[in-house]
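# Commentary on secondary and tertiary structure
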Amino acid sequence: MESLEEFYQHKFNGLTVDIQQQIGQFNVFDIADRLANQTTSPVYTRRNFYKVMLYIGENVFYYGDQSIPVSGMTLLFFHPRLAYAYEALAKDTKGYFCVFQEEFFQENFRLNLNELPLFAPGHIPVYSLNEEDGKEVATVFLKMLKEIDSEYIFKYELIRAYVTELIFLGMKLSPDRTLLKHTDAGLRITALFTELLGRQFLVEFSNHRLLLRRPHDFADKLAVHVNYLNRVVKKNTGKTTSEHIFERITSEAKILLRHTSWNISQISYALGFEDLAHFNRFFKKQSGTSPSVYRKV
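Description of the structure in this document. (Residues numbered from 1 in each chain as written. Predicted model: local features only at pLDDT ≥ 70, side-chain atom pairs only at ≥ 80, totals over all residues. Heavy atoms only, no water.)

## Considerations on the sheet that holds strand β3 (residues 59-63)
Taken in spatial order, the 3 strands line up as β4-β3-β6 in an open sheet, and their pairing is antiparallel. What marks the edges here is a single partner per strand, and that holds for β4 (66-70) and β6 (84-86). Averaged over all adjacent pairs, the angle separating strand axes in this sheet is 20°, with direction ignored. Looking at chain direction, β3 and β6 are connected through 3 bridges and run antiparallel. When the sheet's bridge partners are listed, Tyr-62 is paired in β6 with Ala-85. (Pairing = 2+ DSSP bridges. Helix = DSSP H or I, 4+ residues; strand = E, 2+ residues; numbered from the N terminus. Axes fitted to C-alpha atoms, helices over the stretch in contact; angles between N-to-C directions.)

## With respect to the packing of helix α8 (residues 215-222) against helix α9 (residues 226-237)
Where α8 meets α9, the closest approach of the two axes is 9 Å, and the angle between their N-to-C directions is 100°. Viewed along their axes, α8 and α9 adopt a mutual orientation that is roughly perpendicular. Residues Pro-215, His-216, Phe-218, Ala-219 and Leu-222 of α8 form the contact with α9, whose participating residues are Val-226, Leu-229 and Asn-230. Taken together, the residues that form the contact of α8 with α9 break down as 6 nonpolar, 2 polar and no charged. (Parallel < 35°, antiparallel > 145°, perpendicular 65-115°, else oblique. Contact = heavy atoms within 4.5 Å. Nonpolar A, V, L, I, M, F, W, Y, C, P; charged D, E, K, R; others polar.)

## A look at the side chain of Thr-241
Examined against the element boundaries, Thr-241 turns out to sit in helix α10 (residues 241-259). With near-sequence residues (within four places) excluded, Thr-241 lies in contact with Phe-193, Pro-215, Leu-229, Asn-230 and Val-233.

## Considering the nonpolar core
Core analysis: the biggest nonpolar cluster contains 30 residues, and Phe-26, Cys-98, Phe-100, Phe-141, Met-144 and Val-163 have the highest contact counts within it. For this core, the secondary structure elements donating two or more residues are β2 (50-56), β5 (73-78), β7 (94-100), α4 (103-106), β8 (126-129), α5 (131-148) and α6 (155-173). Here this core takes 7 residues from α6, the largest share from any one element. Listed in part, the 29 residues of the second largest apolar core include Val-232, Val-233, Ile-249 and Phe-279. (Core = buried A, V, L, I, M, F, W, Y, C linked by side-chain atoms within 4.5 Å. Buried < 20%, exposed > 50% of the residue type's maximum accessible area, 1.4 Å probe, protein only.)

## Here we look at the packing of aromatic side chains
Per the stated rule, a full pass over the model turns up 20 aromatic pairs. For the pair Phe-100 and Phe-104, a centre-to-centre distance of 5.9 Å together with 40° between the ring planes defines the contact as tilted. Each ring, one from Phe-279 and one from Phe-283, has its centre 6.0 Å from the other, and the planes form 45°; the classification is tilted. With Phe-279 and Phe-283 both in helix α12 (residues 276-287) and 4 residues apart, this pair spans about one turn of that helix. What links up through ring pairs into an aromatic cluster is the set Tyr-55, Phe-61, Tyr-63, Phe-78, Tyr-84 and Tyr-86. Here the basic side chain of Lys-51 rests over the ring of Phe-97, its NZ or CZ set 5.0 Å away from the ring centre. Against the face of Phe-104 rests Arg-160, its NZ or CZ located 4.6 Å from the ring centre. (Phe/Tyr/Trp six-rings, centres within 6.5 Å; stacked < 30°, edge-to-face > 60°. Lys NZ or Arg CZ within 6 Å of the ring centre and 35° of its normal.)

## Focus on the environment of Pro-80
Among the secondary structure elements, Pro-80 is positioned in the loop between β5 and β6. Along the primary structure Pro-80 and Gln-101 are separated by 21 residues, whereas in three dimensions their C-alpha atoms are 9.2 Å apart.

## A word on the pattern of salt bridges
In the structure shown here, the tally under the stated rule is 6 salt bridges. Its salt-bridge partner being Glu-157, residue Arg-160 comes within 3.5 Å of it at the nearest N-O pair. Within this pair, Arg-160 and its partner Glu-157 are both found in helix α6, separated by 3 residues, close to a single helical turn. On the basis of relative accessible area, Glu-157 is assigned to the partly exposed category, the value being 30%. The closest approach of N and O atoms between Arg-214 and Asp-217, which form a salt bridge, is 3.0 Å. (Salt bridge = Lys/Arg side-chain N within 4 Å of Asp/Glu carboxyl O.)

By themselves, these figures tell us nothing about what the structure is for.
Here you go:
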């Protein structure tokens, strides 16, 4: 699985300081600029970040085990639970794309991308656009490109609104034919696990606690054996059940540290940790820094 840090390293020789300090590491690009810099097409793998793309031209995109030819103007969404790739870009290819981690939305809107039909297992989010819709999508990307270079203090809040507009436009365009039936029980259980995990967040009150924190907890709720849950989640997402749980808890911890006045003990309790020391060790292992240092950044 390619991380967003590896994406920036491969495409741009690392992260800029501004991007590195932003939750979700958002950025937006013009495809023509990437072609001018001889950027290569992605290899077929999962990534740990989301990508939204307006593609203008012809190509073949590979989602999971499907090959999807596109032409004209196409709006595409890519997410961490589905491997993808596409053919080499023609020289006259145009369009735009943005990349971000799930934290980018949890930072403010707390929009749970995992719960949206657009990113549901088995859904292929590829939408052919007519001229009117294509112009609308292009305008949104141009706004993001303009805003990313501005000095406006709330520019990322505004950009989140633009990305949200694209997401809901995609759901509005969603035809029934792009929603594939769950071909096996494992895919259905994976979808239910993802929904159950996301449903626990947001944590609104410091005296409330997360109840589902271990793979066993989720397996009990879903009435399956924990080994089976671990196996199908790993197969369908590329991550273990524990990795999904730890990532969501870490992401929520960052939000609470940055955007609430709760002390660290209260945050530790709300996230279900038995004691503050355990939370400190967990957070440092997951994020590379202590909760107190992260709060000061």
